[in-house]
Amino acid sequence: MLGEIINLFYPAVCQACGKRTGAWNEHVCGGCRKKIKNRLPPFCSRCGRQMSGNPDASMTCGDCEAEIPYYDRANSACYYEDPLKGLVHAFKYKKMTSLGNEFADTMIDFMKKYDVGGEAEIITPIPMHPKRLFKREINHSEALAKNIALRLGLCYSKNLLGKTRDTKIQTNLRRQERLKNMAGSFRVTDGSKIKNKNVLIVDDLFTTGSTANECARVLKESGAARVEVVTLARGDRPT
C-alpha cells in the first residue's frame, strides 16, 4: 500500500528507456525486459563460454582444455548488450541498487534452469579494495550475492574474500594483462569457514574470467571443496 501511494507522487520509471513501469518496485519496463537476451546452451562445461552445436551436448572450449581454470564451473545468465548494458551501468555507477533485486531474480531463474550453484553452501561476492569501495560507496557484486543468498536461503558471507591490492581497472586490458593484473590480489580471510565447503562466487560481469579464477584459486588453496561462479552477463555470442 505504501509503495502504491509513493508511486502516485513519484512514479517508477524504466532505467533503460525512461517510461513508467506501472509498479513502484519495478525499474525495468516490460518492453525492455523482452529485449534482454538470455544466454542459451551449449556452453563450455568449465568456463561457460558460448559454444555452437547441439544444445544438449557437453563440450569444453579450447582455452579450458589448454589450461584448466581453478573454478569448477562458471556461467552467465544474459548476453551483455543493450538494454542490459545501460542498466548495468546505472547499477554500478549511478548507484541504482534497486536494480539488484531484478538482476538477482534473472540470475536465479537461470541458475534453477541449468542447475548452477545447486551444491552451493556459501555464497560470496567478488570483493573490492577499500580504496575503490570508498570511491564507489557500494559493491555491486555484494548487492547481487546478498539478494541471491536471501532468496535461496543459503549462507551469505560478505567478507569471505579480501582484496589485497588496488589493481588497475580491467576494462582496457588484454587477456594476459588481466591475468597478470589479478595475480596475488585476493586472500581468504578465514579458511575455517570454507574447509570442505562448496562456494558460489557472484559478480555482475564475466569477461576473461581472470578475477573469478584468482578468487577460486585462493579459495581452493584454503580448503574449499568446490567453487562455482555465476554472473549476470557475459559479452559473447554463439560461434
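Quick summary incoming for the structure in this document. (Residues numbered from 1 in each chain as written. Predicted model: local features only at pLDDT ≥ 70, side-chain atom pairs only at ≥ 80, totals over all residues. Heavy atoms only, no water.)

### Examining the sheet that holds strand 3 (residues 155-156)
One open sheet accounts for 5 strands, arranged 1-7-6-2-3; its pairing is parallel. A single partner strand is all that each edge strand has here, and the edge strands are strand 1 (73-79) and strand 3. Two strands pair when backbone bridges link them, and strand 1 and strand 7 (residues 226-234) are joined in this way by 6 bridges, in the parallel orientation. Within strand 7, the residue paired with Ala-74 across the bridge is Val-229. (Pairing = 2+ DSSP bridges. Helix = DSSP H or I, 4+ residues; strand = E, 2+ residues; numbered from the N terminus.)

### A closer look at the nonpolar core
Within soluble globular proteins, side chains that are nonpolar tend to cluster in buried spots. Residues Leu-84, Leu-99, Phe-103, Ile-148 and Val-202 are the most contacted members of the largest nonpolar core, which totals 34 residues. Taken together, the elements giving at least two residues each to this core come down to strand 1, helix 4 (84-93), helix 5 (99-113), helix 7 (140-152), strand 6 (198-206) and strand 7. When residues in this core are grouped by element, the largest group, 7 residues, is from helix 5. In contact with Leu-99, other than residues within four places in its own chain, are Gln-15, His-27, Val-28, Leu-87, Ala-90 and Phe-91. Cys-44, Met-59, Leu-161 and Cys-215 belong to the second largest nonpolar core, which has 26 residues in total. (Core = buried A, V, L, I, M, F, W, Y, C linked by side-chain atoms within 4.5 Å. Buried < 20%, exposed > 50% of the residue type's maximum accessible area, 1.4 Å probe, protein only. Contact = heavy atoms within 4.5 Å.)

### Brief notes about helix 9 (residues 210-221)
Its 12 residues give helix 9 an end-to-end C-alpha distance of 17 Å, which sits within 8% of 16 Å, the value for a rise of 1.5 Å per residue. Turning to helix 9, its buried residues number three or more, namely Ser-210, Thr-211, Ala-212, Asn-213, Glu-214, Cys-215, Ala-216, Arg-217, Val-218 and Leu-219. (Expected span 1.5 Å × (residues − 1).)

### Describing unusual backbone geometry
With omega at 15°, the peptide bond leading from Pro-41 into Pro-42 counts as cis. Following the sequence through the fold, Pro-42 ends up in the loop between helix 2 (30-35) and helix 3 (62-66). Asp-82 connects to Pro-83 through a cis peptide bond whose omega is 10°. The backbone of Asp-115 shows a phi angle near 50°, a positive value even though the residue is not glycine. In the Ramachandran plot, Asn-196 falls in the positive-phi region, its phi being about 60° despite a non-glycine side chain. A relative accessible area of 57% places Asn-196 in the exposed class.

### Focus: the packing of helix 4 against helix 5
The geometry of a pair of packed helices is captured by two quantities: the angle between their axes and the separation between those axes. Direction vectors running N to C along helix 4 and helix 5 enclose 130°, while the axes themselves pass 10 Å from each other. One finds that helix 4 runs oblique with respect to helix 5. The element helix 4 and its partner helix 5 pack so that their crossing is left-handed. For the pair formed by helix 4 and helix 5, the contact residues are Leu-84, Leu-87, Val-88, Ala-90 and Phe-91 on the first element and Leu-99, Gly-100 and Phe-103 on the second. A breakdown of the residues in the contact of helix 4 with helix 5 according to their chemical character gives 7 nonpolar, 1 polar and no charged. (Axes fitted to C-alpha atoms, helices over the stretch in contact; angles between N-to-C directions. Parallel < 35°, antiparallel > 145°, perpendicular 65-115°, else oblique. Left-handed = near helix turned anticlockwise from the far one by under 90°. Nonpolar A, V, L, I, M, F, W, Y, C, P; charged D, E, K, R; others polar.)

### A short note on helix 4
Those residues of helix 4 that sit buried are Leu-84, Leu-87, Val-88, Ala-90, Phe-91 and Lys-92. Here the buried face of helix 4 lies against strand 1, helix 5, helix 6 (130-136), helix 7, strand 6 and strand 7. Taken from the residues just after helix 4, Lys-95 is the one with a positive phi, measuring 60°.

### Topic: the pattern of salt bridges
For the structure on display, the rule yields 14 salt bridges. In this structure, the salt-bridge partner of Glu-214 is Arg-217, at a minimum N-O distance of 2.6 Å. One end of the pair is Glu-214 and the other is Arg-217, both in helix 9 and 3 residues apart, which spans about a single turn. What makes Glu-214 buried here is its relative accessible area of 9%. Residue classification places Arg-217 among the buried residues on the basis of a relative accessible area of 18%. It is possible to trace a salt-bridge network through shared partners that takes in Arg-39, Arg-234 and Asp-236. (Salt bridge = Lys/Arg side-chain N within 4 Å of Asp/Glu carboxyl O.)

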